[in-house]
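Summary of the model geometry
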Amino acid sequence: MATGEVHSQCAGYTLPVPNVQSLATSLDKSSQIPERYVRPEAEVNPIARTNEIELPVIDLVKLIDPEFSKEEAAKLHLTCQEWSFFQLVNHGVPEELIEGLKANTLEFFNKPLEEKMVYKQDNDGTLQGYGQAFVLSEEQKLDWCDMFYVMTRPVALRNMKFWPTSPSTFRDNIDRYSLELTKVASCLWQYIATNLGVAPEVFTQLFKDRPQRMRFNYYPPCPEADKVIGISPHSDATGFSILLQINDVQGLQIRKDGEWIAVSALPNAFIVNLGDITEVLSNGIYKSIEHRAMINTQHPRISLVAFHGPDNSLMLRPLPEVVGDGKLNYGSVSYQEFMKALFNKKLEGKSVIEKLKL
Ligand SMILES: O=C(O)CCC(=O)C(=O)O
Ligand SMILES: [Fe+2]
């Protein structure tokens, strides 16, 4: 890999933090959690925890079937406008692959800490590896989560030293899953473009090489689950993200109309959420959505998020085809500057994209 490529992919730095899985294992039911994890804002309206809503469902088979496509694409457009979040069914990714990847992920996180630490982040500026992100000061409150993060596409940007060799099928399954998701992503982009009145080729060009990153999140249970947050409120700095719940434990919440609501997904459905890049390109017709993950007292929760971003050279601004003669709602910034701004501060709602609003 050329050095220029490494630098162009530099995302940011993060301070080392304790391993939360080990910390959680060392706590018994009566012990108090360290102060850095206590988050007063976690104690929200209890409705948010109990009132789970099922997200709108988009069916990929219907989307591509000439008989149903128009209707399903219209549903997709409405869902993108009203929710920015949906579950995708009949996505075509083989169940055998998904089950294999789930088993690999569970096995990886269940390994002793020393074995996982072989893959720890090494502050190479890409944030890849086992650790955490977005921690920039010793005082900052921490998320109740460990992450394992790798760049999966373009293939030339993979750094195999972060890819676990055990379980033995893990690498191959990540690779296969990565490829399958690019097919799903290309298909979704095509309909999103058309729904926005943009030629699909414009999106193909913006997302050429189909950059893709994967973040495996491990949220241990916590004896004081009401006091901690698994992942702080944020929107994703992506075109869209595709989330797979590895072990059917719920915990994802979205902020809709100012309220936090818990969402649940059908088994093996993908949860797709639109990110900041799509918000800007669409001039705000579609919005990225704030979400967070919460913790329970009993069960670990594991999720796998695949971020689908634009080409690194993108100048991020609303697409002229979308704006037309209308009002421009966002300024422009290079994608690299946008990512730098994101990774060099703590995760905080939609603060990065807010700065671009005109
Ligand atoms: O685990 C989840 O449900 C959410 C994870 C997430 O939002 C992320 O990794 O960006
Ligand atoms: Fe996210």
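Since the model is a prediction, treat every value here as computed from it, not as a measurement.

UniProt records the feature "domain: Fe2OG dioxygenase" (unreviewed entry) at residues 210-310, using the numbering of this structure. Annotated as residues 210-310, this span is 6% helix and 45% strand, and its ends, taken at the C-alpha atoms, are 7 Å apart.

Glancing now at the coordination of the iron ion (ligand 2). Around the iron ion (ligand 2), the donor atoms from the protein are H234 (NE2), D236 (OD) and H291 (NE2), and they sit 2.1 to 2.2 Å away. Each donor residue of the iron ion (ligand 2) lies on the same chain, and together they follow the pattern H-x1-D-x54-H. With H234 in strand β7 (residues 231-234) and H291 in strand β12 (residues 291-293), the pair connects residues that are 57 residues apart, well separated along the chain. Residues H234 and H291 agree in their burial class; the two are buried.

Time to look at the site of ligand 1. As a matter of local geometry, ligand 1 sits amid 13 residues, with Y219, H234, H291, R301 and S303 nearest to it. A distance of 2.6 Å separates an oxygen atom of ligand 1 from a polar side-chain atom of Y219. Contact between ligand 1 and R301: an oxygen atom at 2.8 Å from a side-chain N or O atom of the residue. If ligand 1 stood free it would expose 290 Å²; the protein chains cover 98% of that surface.

Attention shifts here to the sheet that holds strand β10 (residues 259-264). Pairing within the open sheet is mixed, and its 5 strands lie in the order β1-β10-β9-β12-β7. The open sheet is flanked by β1 (53-54) and β7, the only strands paired with a single partner. As paired strands, strand β9 (residues 252-256) and β10 are joined by 4 bridges and run antiparallel to one another. Within β10, the residue paired with I254 across the bridge is I261.

With that out of the way, let us pick up the packing of aromatic side chains. Under the definition given, this model contains 15 aromatic pairs. Geometrically, the ring pair formed by F108 and F109 is edge-to-face, given 5.5 Å between the ring centres and 70° between the ring planes. Stacked on the ring of W83, the Lys or Arg K256 has its end atom at 4.5 Å from the ring centre. The ring of W260 carries the charged tip of R292 above its face, separated from the ring centre by 4.3 Å.

Moving on to the pattern of salt bridges. Pairing is possible between side chains that carry opposite charge, provided their charged atoms lie close to one another. Scanning the model with the defined rule gives 15 salt bridges in all. Between R39 and E41 there is a salt bridge; the shortest N-O distance is 3.2 Å. Judged by relative accessible area, which is 6%, R39 ranks as buried. For K161, the salt bridge identified is with D122, shortest N-O distance 2.4 Å. Taken together, the residues span a long stretch of sequence, with K161 in the loop between β5 (146-153) and α8 (170-195) and D122 in the loop between α7 (113-117) and β4 (129-131) at a distance of 39 residues. Overall, the relative accessible area of 36% leaves D122 in the partly exposed class. One network of salt bridges, with partners in common, ties together R39, E41 and D143.

About the cut-offs
- The residue count restarts for each chain, going from 1 along the sequence in the order it is written.
- As a convention, the first chain written is A and the first ligand written is 1, with the rest following in written order.
- pLDDT decides what is reported in this predicted model: residues at 70 or higher carry local features, side-chain atom pairs at 80 or more are listed and counted, and totals for whole chains, interfaces and linings draw on all residues regardless.
- Excluding hydrogens and water, the side-chain values take into account all heavy atoms of the structure.
- UniProt positions are given in the numbering used here, feature names are shortened, and annotations may be inferred rather than shown by experiment.
- Secondary structure elements follow DSSP: runs of H or I no shorter than four residues count as helices, runs of E no shorter than two count as strands, and numbering proceeds from the N terminus.
- Nitrogen, oxygen and sulfur within 2.8 Å of a metal are treated as its donors, or within 3.2 Å for sodium, potassium and calcium (Na, K, Ca); water is not counted, so a site can appear incomplete.
- Exposure is judged per residue with a 1.4 Å probe applied to protein chains only, and the accessible area is read against the type maximum: over 50% gives exposed, under 20% gives buried, and values in between give partly exposed.
- Whether a residue is near a molecule or strand depends on its heavy atoms: it is near if one of them lies within 4 Å of it.
- Contacts described as polar in this section are N or O atom pairs within 3.5 Å, which, within protein, must combine one atom able to donate a hydrogen with one able to accept it, while residues neighboring in sequence count only if both atoms come from side chains.
- Accessible areas in this description were obtained via Shrake-Rupley with a 1.4 Å probe; residue shielding takes into account the shown protein chains only.
- Pairing between two strands requires that DSSP report at least two bridges joining them.
- For Phe, Tyr and Trp, where Trp contributes only its six-membered ring, two rings pair if their centres lie within 6.5 Å, and the inter-plane angle classes them as stacked under 30 degrees, edge-to-face over 60, or tilted in between.
- Any Lys NZ or Arg CZ found within 6 Å of a ring centre and within 35 degrees of that ring's normal is scored as a charge over the ring.
- When a carboxyl oxygen of Asp or Glu lies within 4 Å of a side-chain nitrogen of Lys or Arg, that pair is called a salt bridge.

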